[in-house]
Amino acid sequence: MRAGGEAGRRLRSCLLLLQALSSAADLCTWRGSGLVREPHARAVQQVLLRCTEGAVEWVYPRQALRVVLQPNLASARPYTVCVKPFRGSRGASMHVERAGELELLLSEGARPARAHCFRADGPQPPAIFLQASPQSDIGRRAVGFQYELLGNRSSAPDLQDSVLQAACRPCNNTELLLAVCSSDFVARGFILNVSHDAERQTSRVEVGASRVYRQRGGVFVPGDARGAWRGHVQTLLRCGARPGAGEFLFVGAEHFGEAWLGCAPRYGHFLSVYGAAQRRRENACEFPLD
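Residues numbered from 1 in each chain as written. Predicted model: local features only at pLDDT ≥ 70, side-chain atom pairs only at ≥ 80, totals over all residues. Heavy atoms only, no water.

**Examining the overall build of the protein**
No. 1: A count of helices and strands for the protein gives four helices and 16 strands.
No. 2: Residues counted as buried form 40% of the 290 residues belonging to the protein.
No. 3: A sequence separation of at least 24 residues applies to 69% of the contacts in the protein between residues at least 6 apart.
No. 4: Surface accessibility of the protein: about 16200 Å² in total, with carbon and sulfur atoms responsible for 52%. (Helix = DSSP H or I, 4+ residues; strand = E, 2+ residues; numbered from the N terminus. Buried < 20%, exposed > 50% of the residue type's maximum accessible area, 1.4 Å probe, protein only. Contact = heavy atoms within 4.5 Å. Areas by Shrake-Rupley, 256 points an atom, 1.4 Å probe, with all protein chains shown as cover.)

**Some details on the environment of Ser-203**
No. 1: Among the structural elements, Ser-203 can be located in strand E12 (residues 202–215).
No. 2: As for Ser-203 and Val-233, which are separated by 30 residues in sequence, their C-alpha atoms are 8.4 Å apart.
No. 3: Not counting residues up to four positions away in its chain, the partners in contact with Ser-203 are Val-194, Ser-195, His-196, Val-233, Gln-234, Thr-235, Leu-236, Leu-237 and Ala-241.
No. 4: A polar atom in the side chain of Ser-203 sits 2.7 Å from the side chain of His-196. (Polar contact = N/O pair within 3.5 Å; in protein donor to acceptor, adjacent residues only side chain to side chain.)

**A short note on the pattern of salt bridges**
No. 1: Taken as a whole and judged by the stated rule, the model has seven salt bridges.
No. 2: With a closest N to O distance of 3.3 Å, Glu-53 and Arg-216 form a salt bridge. Residue Glu-53 is found in strand E3 (residues 53–59), and its partner Arg-216 is found in the loop between E12 and strand E13 (220–222); the two are separated by 163 residues along the sequence.
No. 3: One salt bridge connects Arg-66 with Glu-97, and the closest N-O pair in it is separated by 3.0 Å. Taken together, the residues span a long stretch of sequence, with Arg-66 in strand E4 (residues 64–69) and Glu-97 in strand E6 (residues 92–98) at a distance of 31 residues.
No. 4: According to the relative accessible area criterion, Arg-66 is partly exposed, its value standing at 22%.
No. 5: For Glu-97, a relative accessible area of 15% translates into the label buried.
No. 6: Residues joined by salt bridges that share partners form a network here, namely Glu-53, Asp-184 and Arg-216. (Salt bridge = Lys/Arg side-chain N within 4 Å of Asp/Glu carboxyl O.)

**Overview of the sheet that holds strand E9 (residues 127–132)**
No. 1: Spatially, five strands are ordered E2-E4-E9-E6-E7 in an open sheet, and the strand pairing comes out mixed. The open sheet terminates on both sides in strands that have one partner only, identified here as strand E2 (44–49) and strand E7 (101–106). Between one strand axis and the next, the sheet turns by 25 degrees as a mean value, whatever way the strands run.
No. 2: Pairing between E6 and E9: six bridges, direction antiparallel. Residue Ala-92 lies in a different strand from E9, and its bridge partner there is Ala-132. (Pairing = 2+ DSSP bridges. Axes fitted to C-alpha atoms, helices over the stretch in contact; angles between N-to-C directions.)

**Digging into the pairing of E12**
No. 1: With 12 bridges joining them, strand E11 (residues 185–197) and E12 adopt antiparallel strand pairing. Paired with Phe-190 across the bridge in E12 is Gly-208.
No. 2: Between the end of E11 and the start of E12, which pair antiparallel, lie four residues, with Gln-201 showing a positive phi angle near 60 degrees.
No. 3: Relative to strand E14 (residues 229–236), E12 runs antiparallel, the two being bridged by eight bridges. From the neighbouring strand, Arg-204 faces E14, where its bridge partner is Gln-234.

**Considering the nonpolar core**
No. 1: If you look at the biggest cluster of nonpolar residues, it comprises 26 residues, and the most contacted ones within it are Val-67, Val-83, Met-94, Ile-128 and Phe-145.
No. 2: Top element by residues in this core is strand E10 (residues 142–151). It accounts for four residues.
No. 3: Sequence-distant contacts of Val-83, defined by excluding residues within four places in its chain, comprise Met-94, Leu-105, Ala-115, His-116, Phe-118, Ile-128, Phe-145, Gln-146, Tyr-147 and Phe-256. (Core = buried A, V, L, I, M, F, W, Y, C linked by side-chain atoms within 4.5 Å.)

**So, the packing of aromatic side chains**
No. 1: For the structure on display, the rule yields seven aromatic pairs.
No. 2: Pairing Phe-270 with Phe-287 gives two aromatic rings, centres 5.0 Å apart and planes at 75 degrees, and the pair type is edge-to-face. Placement of Phe-270 in helix H4 (residues 267–280) and of Phe-287 in the segment after H4 is noted, with a sequence separation of 17 residues between them. Each member of the pair, Phe-270 as well as Phe-287, is classed as buried.
No. 3: Three or more aromatic residues link up through ring pairs in this structure, and these residues are Tyr-213, Tyr-267, Phe-270, Tyr-274 and Phe-287. (Phe/Tyr/Trp six-rings, centres within 6.5 Å; stacked < 30°, edge-to-face > 60°.)

**Examining the packing of helix H3 (residues 173–182) against H4**
No. 1: Two elements in contact, H3 and H4, have axes separated by 10 Å at closest approach and are oriented at 90 degrees. By the criterion of interaxial angle, the relationship of H3 to H4 is roughly perpendicular. Contact residues: H3 offers Asn-173, Leu-176, Leu-177 and Val-180, while H4 offers His-269, Phe-270, Val-273, Tyr-274 and Ala-277. (Parallel < 35°, antiparallel > 145°, perpendicular 65-115°, else oblique.)

**Let's talk about the state of the cysteines**
No. 1: In total, this model carries three disulfides according to the counting rule given.
No. 2: Sulfur-sulfur distance for the disulfide between Cys-28 and Cys-51 comes to 1.9 Å. One disulfide, between Cys-28 and Cys-51, carries an S-S torsion of -60 degrees and so falls in the left-handed class. Taken as a pair, Cys-28 in the loop between helix H1 (2–24) and strand E1 (29–33) and Cys-51 in the loop between E2 and E3 lie far apart in primary sequence, 23 residues in all.
No. 3: Since its relative accessible area comes to 15%, Cys-51 is described here as buried.
No. 4: Disulfide partner of Cys-181: Cys-285, at an S-S distance of 2.0 Å. Measuring handedness by torsion sign, the sulfur bridge of Cys-181 and Cys-285 sits at about -90 degrees and is left-handed. With a gap of 104 residues between them, Cys-181 in helix H3 and Cys-285 in the segment after H4 connect regions that are remote in the sequence.
No. 5: Since its relative accessible area comes to 26%, Cys-181 is described here as partly exposed. (Disulfide = S-S within 2.5 Å.)

Okay, structure coming up:
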């Protein structure tokens, strides 16, 4: 009976382990505490995330946390992962782990940097390693980050250089036609105002949109009862964005809750490009004209 009891306990332990692995297989966002640990737990707590975007928050950090980023994708590596530390993160240093080597991303007490991007092209999935700092008190501390899979793109030290390296260059006709089919947001409207942030080296463009064709998140929201929309998009300061008269087509990508401008042709120019491609039957998708 004792052998059977031990076998039963082992079977139950295996089933619990399988259930835990199954429930964690599609985790996108994880939140945990360094104070809640098993008596014989390892010094390094392991977390597996299988989504293309999400977030991690580790409160009361203790010892170490290793977060493996292994998106459940049909396509194989290489791909680029961007990680953006939370503002106010404190209590641990943050490292990128690749091929067994640690690269410092954010030291304890440092102001969070811009999003850091790296290429996942090795035999092992990349990981974010959080090393808790020794603490003499039990005061509340939390460290965390957002992450995004950006697809097969060239690696760069930050999101702006990796994703927006061509932001100041006007899109050619082919790029424009592809952008209206695949971008995170496409809207038609006017530039209401432009403000600049010298510290972030970015410009914030306030847009009044008469028509929102597509948006992945909440870039544009209804502004009044007449059907107008309001929203803000970001671009690099070096692009020299400024208010201008006329109607534009705003096209771009969303990253970490912010909208980044890609193409912004005048709407009349887009109509002529689209019409010419339509006559040649070269459009990548159908776009509503009104």
